[in-house]
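Summary of structural features
Chain by chain, the residues run as shown.
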Amino acid sequence: MHTLSFETRKRDEFVNLTRQIQDYLEREKLTDGALLVYCPHTTAGLTINEGADPDVRRDILAALTRLVPLQGDYRHAEGNSDAHIKASLMGSSVLVPVANGQLQIGTWQSVYFCEFDGPRSRKVNLQFLPGSH
Amino acid sequence: MHTLSFETRKRDEFVNLTRQIQDYLEREKLTDGALLVYCPHTTAGLTINEGADPDVRRDILAALTRLVPLQGDYRHAEGNSDAHIKASLMGSSVLVPVANGQLQIGTWQSVYFCEFDGPRSRKVNLQFLPGSH
Amino acid sequence: MHTLSFETRKRDEFVNLTRQIQDYLEREKLTDGALLVYCPHTTAGLTINEGADPDVRRDILAALTRLVPLQGDYRHAEGNSDAHIKASLMGSSVLVPVANGQLQIGTWQSVYFCEFDGPRSRKVNLQFLPGSH
C-alpha cells in the first residue's frame, strides 16, 4: 500500500489526483488489474468525473451544497455534519481498471479527492489489485 | 480487460447489463474473485438495484431528476450538468463478488448502466480480480 | 467468499460491521490486498463514515430521509421506493485496503451496513482480493 499526502486549500474543493496516481503505477511497474484509491477521512470522499471544464467540478460541489446545506437539522456538535453526509454520497473509494500500466479512465475523466471540510492535510491510500491471466 | 458496447435510447435510462456480464464470466471461465464493471463516461454511472419491477428503476430516475433538475444554477455550458452530478451520485463502477463462475448478486439485484445524457453509444470495461486461495 | 448474517432492528439504521470484518481477516490470516464487503439486498447499502459520535449516523440517515421521503411520487407498489433510492445513493459495496492483516481504515472510520427497510434478516458477503507482491 502506498500513501499520497497533500494539502487542501478551501472548505469544499475537488483535488485532481490523476497524474500522481498514474505516476505511481509507472514507478511501481504495475501493469494489469485495478487500482483502489481509498480515502481514510470521514469528511472527504472520492469521485471520478470530468477533468476538462472546471465548471463541472463547481457545479457538482454547488449541487451537493444545495442538497446538503452547511446549516440544517444536525445534531453532531462539530458543525461539519454536511461534510460527513457529502462524503457518504460520493463514497470513500474509487476503483480504476489498469491495462498495460495505464489507468483505463475515459478521455474526459479525472480522479478527484472531494474535500468537504478543509482546508486540511489529507491523504489517500493506493492499493493495486492484480488482474487475472 | 474486456469492453461491452451498446446504444442507449433515452436521455435518462437504466440499461440492465447482468446477462452480458454473466456471459463474459462463463466465456472466460472466471471462477472466484470479483468483477469490476467500470464506466469510462462522465455523464453516466453504474448501480445495482432491483431487476424485477421496472417501477423501481423509474422511481430511482425520477428521484434523481427531482433532486438534480435539468435546469438549475449551473455554469457548465453544455447543458448537461445534471448528468455529471447524477453520475457522481451513482458512482463510476460497481464491484461484484464471483464464486464458482457465478455473479454473487442477490435474488432481486441487477447491474445497471445509468444513462443520464443519452441517447448515445456507450461502453463499460470489465476487469476480473481473482480472489485469495 | 464468506457471509456475515445479522438482524436489523429499525426501519432505518446503520449497523457497525467493522469488528466482525476485522475478525474475519484475522481468522483467515488474510494479510495484504483489499476486502470487498458486498450487500446482496436492494433496500440496503454500505457506507464508511464516522464511528465515534452516533450523531453522525443519525445526521446522515436524517439527511437521506429529508432528500428521499417515505412518501413521494413513487410507482413501485411495495411502499419502499425510498429505500431502493437510498440504497443506490449509498452504494452496494465498500472496498477496504488491508495491510499486515489489518483493515486500513482511518482512525474515525467504521464500516456500516445501511438498513433502509428494516427490521429484517440481512447478510453481507466478504471477498478478499490479494494485493500485488
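Scroll up a little and you will see the structure.
Thresholds, definitions, all that
Residues numbered from 1 in each chain as written. Chains lettered and ligands numbered in written order. Predicted model: local features only at pLDDT ≥ 70, side-chain atom pairs only at ≥ 80, totals over all residues. Heavy atoms only, no water. Salt bridge = Lys/Arg side-chain N within 4 Å of Asp/Glu carboxyl O. Helix = DSSP H or I, 4+ residues; strand = E, 2+ residues; numbered from the N terminus. Buried < 20%, exposed > 50% of the residue type's maximum accessible area, 1.4 Å probe, protein only. Least-squares fit on C-alpha atoms with pLDDT ≥ 70 in both. Contact = heavy atoms within 4.5 Å. Buried area = accessible area lost by both parts, 1.4 Å probe. Polar contact = N/O pair within 3.5 Å; in protein donor to acceptor, adjacent residues only side chain to side chain.

Going through the model one piece at a time under the given rule, you end up with 27 salt bridges over all chains. A salt bridge links A:Arg58 to B:Asp73, with the nearest nitrogen and oxygen atoms 3.1 Å apart. Of this pair, A:Arg58 sits in helix α2 (residues 54-67) while B:Asp73 sits in the loop between α2 (54-67) and α3 (81-90), which puts the two residues in different chains. Given the relative accessible area of 55%, B:Asp73 is considered exposed. Between B:Arg122 and B:Glu115 there is a salt bridge; the shortest N-O distance is 2.8 Å. The residues B:Arg122 and B:Glu115 share a single accessibility class, namely buried. Through salt bridges with shared partners, one network takes in A:Arg11, A:Asp12, A:Asp82, A:Lys86, A:Asp117 and A:Arg120.

This brings us to the relation of the copies chain B and chain A. The transform that puts chain B on chain A rotates by 120 degrees and translates by 0.0 Å along the axis, for an RMSD of 0.0 Å. The transformation relating the two chain copies, once decomposed into turn and shift, fits a three-fold axis. Of the C-alpha atoms belonging to chain B, the one lying closest to the rotation axis is found on B:Leu89, 3.5 Å away. A share of only 17% of the interface residues of chain B reappears at the interface of chain A, consistent with the copies meeting through non-equivalent patches.

Here we take up the interface of chain C and chain A. The interface is formed by 31 residues belonging to chain C together with 30 residues belonging to chain A. Counting the surface chain C buries against chain A, the share from its top three residues, C:Arg58, C:Asp59 and C:Leu95, is 21%. On inspection of chain C and its partner chain A, the count reaches 14 residue pairs in polar contact (both at pLDDT 80 or more). Where the side of chain C that touches chain A is concerned, the elements lending two or more residues are β3 (33-38), β4 (44-50), α2 (54-67), α3 (81-90), β5 (93-99) and β8 (121-130) of chain C.

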